[in-house]
Amino acid sequence: TTPPPRRRRRWLIPLLALLLVVLLAALWFGQTSLRAMLPRTDLNTMLTQAQQALQAGHLDGQDGTSARELFQQAMALEPDNDRARRGLREVGQAELAQADAALQAGQTGQATQQAAVARELLSGGSDVDRLDQLIRQAHSTQAQTVSLIDQAQQALAAGKLDGADGAGALYQRVLQ
């Protein structure tokens, strides 16, 4: 004889409830990996904007649109993001190149600021150390030039035109 239809289904409801509990537990404990599978449009948009700012040369700023700020925001959202980490390194390299160009153009103040940003983003390095040394030398040379000009002006005011400590000789040293 066959059992009545009700008896056959009694085990089905507890089994479905158990499966539902197992599924919910799996979703709960696996939510981190599930989140990783979802597209992060906010993060991707931010990284794209950061890359565009880098390519446009808008490296640093205070308005939230510079490459550095956007890459740092991306790192805050996802600390292990390779694109953001690589982007910050590229910003550091670009700052270093601009600092070098500023130094070559005689803009030691700007070079000093950009070298500081590069040092922070690149965590130092031999290229940053080399640039720092060149900046120190440029500052020293500028200080010597200012001192020679002051001495030459004092000599000129005192009427000393000739001799090793005369205005002419001092101005000649400035021009060298």
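Heads up: the structure comes first, above all this text.
Q: With reference to specific residues and values, describe the packing of helix 4 (residues 41-56) against helix 6 (residues 82-104).
A: It is the contact of helix 4 with helix 6, at a shortest axis distance of 11 Å, that shows an interaxial angle of 15°. It follows that helix 4 is roughly parallel to helix 6 by the angle criterion. When you trace helix 4 past helix 6, the crossing you get is left-handed. Contacts between helix 4 and helix 6 involve N44, L47, T48, Q51 and L54 from the first element and R83, A84, E90, V91 and A94 from the second. Here the residues of the contact of helix 4 with helix 6 are counted per class, giving 5 nonpolar, 3 polar and 2 charged.

Q: Let's hear about helix 7 (residues 108-122): which residues, and what values?
A: Between the first and last C-alpha of helix 7 there are 20 Å, a value that for 15 residues agrees with the 21 Å anticipated at 1.5 Å per step. In the stretch just after helix 7, S123 is the one whose phi turns positive, near 55°.

Q: Before we move on, can you summarise the nonpolar core with the specific residues and values?
A: Note that soluble globular proteins tend to have their nonpolar side chains buried in a common cluster. The biggest cluster of nonpolar side chains holds 17 residues, and the ones touching the most others in it are L47, L54, A67, F71, A74, A84 and V91. Taken together, the elements giving at least two residues each to this core come down to helix 4, helix 5 (67-77), helix 6 and helix 7. Per-element accounting of this core gives the leading share, 6 residues, to helix 4. One finds A111, A115, A118 and L131 within the second-largest nonpolar core, a separate group that totals 12 residues.

Q: Which residues make up the packing of helix 6 against helix 7, and what values do they have?
A: At a closest axis distance of 8 Å, the pairing of helix 6 and helix 7 adopts a crossing angle of 160°. Relative to helix 7, helix 6 is oriented roughly antiparallel. Note on packing geometry: the crossing formed by helix 6 with helix 7 is left-handed. Across the interface between the two elements, L88, R89, V91, G92, Q93, E95, L96, Q98, A99, A102 and L103 of helix 6 pack against T108, Q110, A111, Q114, A115, V117, A118, L121 and L122 of helix 7. Each residue belonging to the contact of helix 6 with helix 7 can be placed in one class, and the counts come to 12 nonpolar, 6 polar and 2 charged.

Q: Now, about unusual backbone geometry: what can you tell me, with residues and values included?
A: A positive phi angle, close to 55°, is found at S123, a residue other than glycine. Among the structural elements, S123 can be located in the loop between helix 7 and helix 8 (126-157). S123 gets classed as exposed once you look at its relative accessible area, which sits at 67%.

Q: Outline the environment of N44, supporting the account with residue identities and numerical values.
A: As for its position among the elements, N44 is in helix 4. Of the residues examined, N44 reaches a relative accessible area of 35% and is grouped as partly exposed. Separated by 39 residues in the primary sequence, N44 and R83 have C-alpha atoms spaced 9.7 Å apart.

Q: Tell me what's going on with a nonpolar patch on the surface, and back it up with residues and numbers.
A: Together, W11, L12, L15, L16, L18, L19 and V22 line one region of the surface with nonpolar side chains, adding up to about 690 Å² of accessible area. Looking at where L16 falls in the secondary structure, it is placed in helix 2 (residues 12-29).

Q: Help me get a handle on the pattern of salt bridges, residues and values and all.
A: Overall, the coordinates contain 4 salt bridges when judged by the stated rule. In this structure, R68 and E120 form a salt bridge, with 2.5 Å as the shortest nitrogen-oxygen distance. Within this pair, whereas R68 is found in helix 5, its partner E120 is found in helix 7, the two being separated by 52 residues in sequence. Through salt bridges that share partners, D60, R68 and E120 make up one connected network.

The rules we used
- Residues numbered from 1 in each chain as written.
- Predicted model: local features only at pLDDT ≥ 70, side-chain atom pairs only at ≥ 80, totals over all residues.
- Heavy atoms only, no water.
- Axes fitted to C-alpha atoms, helices over the stretch in contact; angles between N-to-C directions.
- Helix = DSSP H or I, 4+ residues; strand = E, 2+ residues; numbered from the N terminus.
- Parallel < 35°, antiparallel > 145°, perpendicular 65-115°, else oblique.
- Left-handed = near helix turned anticlockwise from the far one by under 90°.
- Contact = heavy atoms within 4.5 Å.
- Nonpolar A, V, L, I, M, F, W, Y, C, P; charged D, E, K, R; others polar.
- Expected span 1.5 Å × (residues − 1).
- Core = buried A, V, L, I, M, F, W, Y, C linked by side-chain atoms within 4.5 Å.
- Buried < 20%, exposed > 50% of the residue type's maximum accessible area, 1.4 Å probe, protein only.
- Patch = residues over 30% accessible without salt bridge, like charges linked within 9 Å, V, L, I, M, F, W, Y side chains within 5 Å.
- Areas by Shrake-Rupley, 256 points an atom, 1.4 Å probe, with all protein chains shown as cover.
- Salt bridge = Lys/Arg side-chain N within 4 Å of Asp/Glu carboxyl O.

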